[in-house]
Amino acid sequence: MQNISENSGSIVAPRHLAIIMDGNGRWAKNREKPRVSGHREGAKAVRRVITACAQLGVQELTLFAFSSENWKRPSLEVNALMTLFVESIKRESSSLKENGIRTKIVGDISRFSPTLQEQIHKVEQLTADCSLMNLNIAANYGGRWDILQACKQLTEKCMEGQLAVDDLTEADLSQVLSVSKDVDLMIRTGGEKRISNFLMWQAAYAELYFSNTLWPDYDKEDLLEAFAFFNGRERRFGMTSAQVQNKEVKDAN
Ligand code: IPE
Ligand code: IPE
Ligand code: MG
């Protein structure tokens, strides 16, 4: 983990941060505006948070933009979200590249329009060599979908003789997930306390932080609050507190 220097004292950023960006609809409703305007404002928060995370030393950021269940929404809203997605990628591509942000869209993109798929491939290729921060935008993503597609890949590898069923490890499965790294901190904005089929496997030991801030209002201060919470957690991974603290002493020597 990296120390945050800029006006945040000694707060340490999580290595892999995942965010369920919720509350766009309620933000709009509070202002008697259509839900789409909430999504538009939400896109501005996405930009703000990506910049802040890169500044604060987050190594990998995974944002939940559209779930595999969100297709159930009214088609007007789904279409508006798709348009917004295309526009945002087009607009932000060069600045992502300039800021060293390696961008991937994770999820089943085969259901998207050819135009959107083309934009996705373009931004992924453009930023492929970037190394300051990895950004994963989860779109048409579901945690169960991810585990299932990973199982299909492993099955194929076994059938081709590249792997043996009896020797399969958790690391083998992690490697073929669309997001491989374990999540350190998962934030959900908008006040709901559920995971909504986000990174089911990768969040097995994540610290969970629920914020009442609606996503379009989310900013660097909110992020620092979540990081301060994260810094106050003792991550025991099944061990006792004494074991963890003893290990820290050993690591420091
Ligand atoms: C999150 O905000 C954005 C997406 C799921 C695409 P919502 O649109 O779910 O906002 P609420 O929960 O209705 O306020
Ligand atoms: C989760 O938000 C998905 C995204 C943030 C993209 P939802 O608003 O769709 O979640 P539920 O349906 O309330 O659980
Ligand atoms: Mg919601």
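Quick look at the structure, then. (Residues numbered from 1 in each chain as written. Chains lettered and ligands numbered in written order. Predicted model: local features only at pLDDT ≥ 70, side-chain atom pairs only at ≥ 80, totals over all residues. Heavy atoms only, no water.)

1. Some words on empty space enclosed by the protein
Summed over all chains, the structure comprises one cavity of 30 Å³ or more. Space inside the largest cavity adds up to approximately 40 Å³. Lining the largest cavity we find Ile20, Met186, Ile187, Arg188, Arg194, Ile195, Leu208, Tyr209 and Phe210. At the level of secondary structure, the elements contributing two or more residues to the lining of the largest cavity comprise strand S5 (185-188) and strand S6 (207-210). Classifying every residue of the lining of the largest cavity by side-chain character gives seven nonpolar, no polar and two charged. (1 Å grid on protein atoms, 1.4 Å probe; cavity = no way out; pocket = protein on both sides within 12 Å on 5 of 7 lines; lining within 4 Å. Points joined across faces, edges and corners; volume = space filled by probe spheres on them. Helix = DSSP H or I, 4+ residues; strand = E, 2+ residues; numbered from the N terminus. Nonpolar A, V, L, I, M, F, W, Y, C, P; charged D, E, K, R; others polar.)

2. Description of the site of ligand 1
Within the structure, ligand 1 sits among Met21, Asp22, Gly23, Asn24, Gly25, Arg26, Arg35, His39, Ala65, Asn70, Arg73 and Leu81. Interatomic distance of 2.9 Å between a side-chain N/O atom of Asp22 and an oxygen atom of ligand 1. One of the backbone nitrogen or oxygen atoms of Gly25 is found 2.9 Å away from an oxygen atom of ligand 1. When the free accessible area of ligand 1 is taken as 380 Å², the share hidden by the protein chains comes to 86%. Looking at the shell around ligand 1, the elements with two or more residues in it are helix H1 (24-30) and helix H2 (35-56). (Near = heavy atom within 4 Å. Polar contact = N/O pair within 3.5 Å; in protein donor to acceptor, adjacent residues only side chain to side chain. Areas by Shrake-Rupley, 256 points an atom, 1.4 Å probe, with all protein chains shown as cover.)

3. Describing the packing of H2 against helix H7 (residues 220-231)
Helices that pack against each other are described as a pair by the angle of their axes relative to one another and the distance between those axes. For the pair H2 and H7, interaxial distance at closest approach is 10 Å and the crossing angle is 50°. In terms of orientation, H2 and H7 fall into the oblique class. Considering only the axes of H2 and H7, their crossing is right-handed. Residue-level inspection shows Val49, Ala52, Cys53, Gln55 and Leu56 of H2 in contact with H7, the latter providing Lys220, Leu223, Leu224 and Phe227. (Axes fitted to C-alpha atoms, helices over the stretch in contact; angles between N-to-C directions. Parallel < 35°, antiparallel > 145°, perpendicular 65-115°, else oblique. Left-handed = near helix turned anticlockwise from the far one by under 90°. Contact = heavy atoms within 4.5 Å.)

4. Some details on the side chain of Thr127
Take Thr127: it is sitting in the loop between helix H4 (114-126) and strand S4 (133-141). Setting aside residues up to four positions removed in sequence, Thr127 forms contacts with Ser93, Leu96, Lys97, Ile101, Arg102 and Thr103.

5. Focus: the site of ligand 2
The full set of residues close to ligand 2 is Ile20, Met21, Asp22, Phe64, Ala65, Phe66, Ser67, Asn70, Arg73, Arg188, Arg194 and Ser196. Contact between ligand 2 and Arg194: an oxygen atom at 2.8 Å from a side-chain N or O atom of the residue. Contact with the protein chains hides 78% of the accessible area of ligand 2, taken as 390 Å² for the molecule alone. Among the elements that line the shell around ligand 2, the one with the most residues is strand S2 (residues 60-67), at four residues. Broken down by class, the residue content of the shell around ligand 2 amounts to five nonpolar, three polar and four charged.

6. Notes on H4
Residues lying three or four places apart along an α-helix face the same way, a consequence of the helix completing one turn every 3.6 residues. The end-to-end C-alpha distance of H4, which contains 13 residues, comes to 18 Å, matching closely the 18 Å that a straight helix rising 1.5 Å per residue would cover. Every buried residue belonging to H4 is among Leu116, Gln119, Ile120 and Val123, and all of these are buried. For H4, the buried positions fall inside an angular range of 100° around the axis, keeping them on one side. Relative to its buried face, H4 has exposed residues pointing more than 90 degrees away, namely Pro114 and Gln125. Here the buried face of H4 lies against helix H3 (75-98) and strand S3 (101-106). (Expected span 1.5 Å × (residues − 1). Buried < 20%, exposed > 50% of the residue type's maximum accessible area, 1.4 Å probe, protein only. Arc of directions from axis to C-beta.)

7. A short note on the sheet that holds S6
Across a sheet, paired strands are connected by hydrogen bonds in the backbone, their directions being either parallel or antiparallel. An order of S3-S4-S2-S1-S5-S6 is seen for the six strands of this open sheet, with the pairing classed as parallel. The open sheet is flanked by S3 and S6, the only strands paired with a single partner. The sheet shows a mean angle of 20° between the axes of neighbouring strands, direction not considered. Alignment of S3 against S4, held across six bridges, turns out to be parallel. Counterpart to Arg102 in the pairing with S4 is Asn134. (Pairing = 2+ DSSP bridges.)

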